[in-house]
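# Structural description and commentary
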Amino acid sequence: GFCALVLIAAISTSAEAENWPRLRGADATGLPANPADSRLPEKWSDEENVAWKSEIPGVGWSSPVVWGNKVLLTTVVNDKAAENAEPRAGLYLGRGRRGVPSGTHRWLVYCLDLASGETLWECEAHRGRPPVGRHPKSSYAAETPVTDGERLYALFGDLGLFAYDLDGKPLWEHRIEAKKTMADYGAAASPVVHGDRVFYVYDNQEASYISALDASTGEQVWRKAREEKTTWATPFVWETDGRTEIVVPGKKEILSYSLDGDVLWQLAGRMSNLVIPSPFVADGLLYVTSGYVGDVHRPVYAIKPGAKGDITLDDETTSNEFVQWYQPKGGPYNTTPLVYDGIYYLLLDQGMVSAYDAKTGEQLYDRIRLPRGASFTSSPWAYNGKVFALAEDGKTYVLKAGREFELLYVNELDGTMGMACPAIVDGRLLIRTLGAVYCLSKSE
């Protein structure tokens, strides 16, 4: 790999700096460390409340991650840009992008300065032709990297996992043998890190597995086969009193692994045909869900800590010792739900919002449609009593948080496409669009 240090900036990071180390934040909830930060913007446009905008070449739907003053993200540039058919918004019932696009592709990692948006360094992880096709909406930089503050781990799903220090020095690489995925959609699950290990899941049509690597060397510590076909959910590391587990959704079963790869519990969830949303914990409950638009059963399970063995629900029941509640139609397709101030919000791809009581599963409102034409891949987030939903056309719908639906306003970033989840850190909202990263913050 080739790396370029673009500029050396004076770096000062306060010990109290907020970080956003993985997809949807430190605990995968989509909420900032301080959800009542008055610096965070509620309205924005191309001109309003834009602290900076940085152009990023190529195509990538990975989210930015932030550590200290560094914003880290991935992208893939094709030298035959004209043939690098840009992702298309909308709902796809069917095929991926058939075949592999021509042209030499460059898999890149970027580091921007959080305060200015200037590029601090960039690294090329790999150069060549992609090993597989991809979903027509997706990119070859679909996975969000993860950082532990010491290293950045950038996963390019069907290619490999690449580790760098935060100054852009390549440390190690772990190559992944590309497998056939459903409809040639490719991989998209992001890696997670805990202690001295990095974990990734590669569910495919041939030989699915979960792997643990040594974070400092990239050596494989263990790898366990999974009886699953292609999924895209990012695993979740759940730390509770007395144990740490890795929760991995699947179509057949939701599984929880110990840090050594042993199965702690399983739930035959009759999950959706396509498993994409990522598990997260809010107020002590683990939420696991899936909801392919073509399925009748689109379940969500709210799971209590400490489960062991088989915690599958009996027919006709909606709870048991470890499942606090279950809803058969509470799951979204691409987006991950949001729990904010005791309410579970569900954003459906085709522009509808539902809400449930996060502790009981009681439905508060059902599939209220946002203004016509809104479609969603990015997951919702919240702060300051508002819930935000970024549509694929770059518009963000702002709802009043609460038990009744109320649309407050719509923020537009003109002519942009948005499918990545934002990062929210230190009074700044970072939204990645096709071609740029916007840093949005209230003007002083």
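Please refer to the structure placed before this passage.
The structure reproduced in this document is the subject of the present report. (Residues numbered from 1 in each chain as written. Predicted model: local features only at pLDDT ≥ 70, side-chain atom pairs only at ≥ 80, totals over all residues. Heavy atoms only, no water.)

### Comments concerning the pairing of strand β33 (residues 428-433)
Sheet faces and side chains relate simply in a regular strand, where the side chains alternate between the two faces. Among the six residues of β33, six are classified as buried, and the element is accordingly described as predominantly covered. Going residue by residue along β33, you find Arg428, Leu430 and Arg432 tucked away on one face and Leu429, Ile431 and Thr433 tucked away on the opposite face as well. When strand β32 (residues 423-425) meets β33, the two strands line up antiparallel, connected through three bridges. Counterpart to Val425 in the pairing with β33 is Arg428. Linking β32 back to β33 in an antiparallel pair, the connection comprises two residues, with Asp426 at a positive phi of about 55°. For β33 and strand β34 (residues 436-440), the ladder comprises five bridges, and the chain directions are antiparallel. Following the sheet pairing, Thr433 is matched in β34 by Ala436. Hairpin connection from β33 to β34: two residues lie between these consecutive antiparallel strands, with Gly435 at a positive phi of about 105°. (Buried < 20%, exposed > 50% of the residue type's maximum accessible area, 1.4 Å probe, protein only. Helix = DSSP H or I, 4+ residues; strand = E, 2+ residues; numbered from the N terminus. Pairing = 2+ DSSP bridges.)

### A closer look at the sheet that holds strand β28 (residues 381-383)
Spatially, the four strands line up as an open sheet ordered β28-β29-β30-β31, and their pairing is antiparallel. At either margin of the open sheet sits one strand with a lone partner, and together these are β28 and β31 (407-412). The mean inter-strand angle of the sheet, taken between neighbouring strand axes irrespective of direction, is 25°. Note that β28 and strand β29 (residues 386-390) share three bridges and pair antiparallel. Along β29, the bridge assignment pairs Ala382 with Val387. (Axes fitted to C-alpha atoms, helices over the stretch in contact; angles between N-to-C directions.)

### Examining the pattern of salt bridges
The tally for this structure, following the rule as stated, stands at 18 salt bridges. Of the charged contacts, one joins Lys252 and Glu227 as a salt bridge, the two residues approaching to 4.0 Å between their closest N and O atoms. Of this pair, Lys252 sits in the loop between β16 (243-248) and β17 (254-258) while Glu227 sits in the loop between β14 (220-225) and β15 (236-240); the two residues are 25 residues apart in sequence, bridging distant segments of the chain. Each member of the pair, Lys252 as well as Glu227, carries the same accessibility label: exposed. A cluster of three or more residues bridged by salt bridges with shared partners is formed by Asp37, Arg39, Asp426 and Arg428. (Salt bridge = Lys/Arg side-chain N within 4 Å of Asp/Glu carboxyl O.)

### Some words on the sheet that holds strand β27 (residues 363-369)
Reading across from one edge, β24-β25-β26-β27 is the order of the four strands in this open sheet, with antiparallel pairing throughout. Only two strands of the sheet have a single neighbouring strand rather than two, namely β24 (338-340) and β27. For this sheet, the mean inter-axis angle between neighbouring strands, taken without regard to orientation, is 20°. Examined bridge by bridge, β24 and strand β25 (residues 343-348) share three bridges and lie antiparallel to one another. Counterpart to Leu338 in the pairing with β25 is Tyr345.

### Observations concerning the state of the cysteines
Applying the stated criterion across every chain yields a total of one disulfide. Disulfide pairing places Cys3 opposite Cys123 at an S-S distance of 2.0 Å. As the torsion about the S-S bond is roughly 120°, the Cys3-Cys123 disulfide counts as right-handed. With a gap of 120 residues between them, Cys3 in strand β1 (residues 2-5) and Cys123 in strand β6 (residues 119-128) connect regions that are remote in the sequence. A residue is classified by how much of its surface remains accessible, and Cys3, at 27% relative accessible area, is partly exposed. As a non-bridged cysteine, Cys111 has Cys123 as the owner of its nearest cysteine sulfur, 9.2 Å distant. For Cys111, a relative accessible area of 0% puts it in the buried group. Cys421 carries a free sulfur, and the closest cysteine sulfur to it, the one in Cys439, is 17 Å from it. (Disulfide = S-S within 2.5 Å.)

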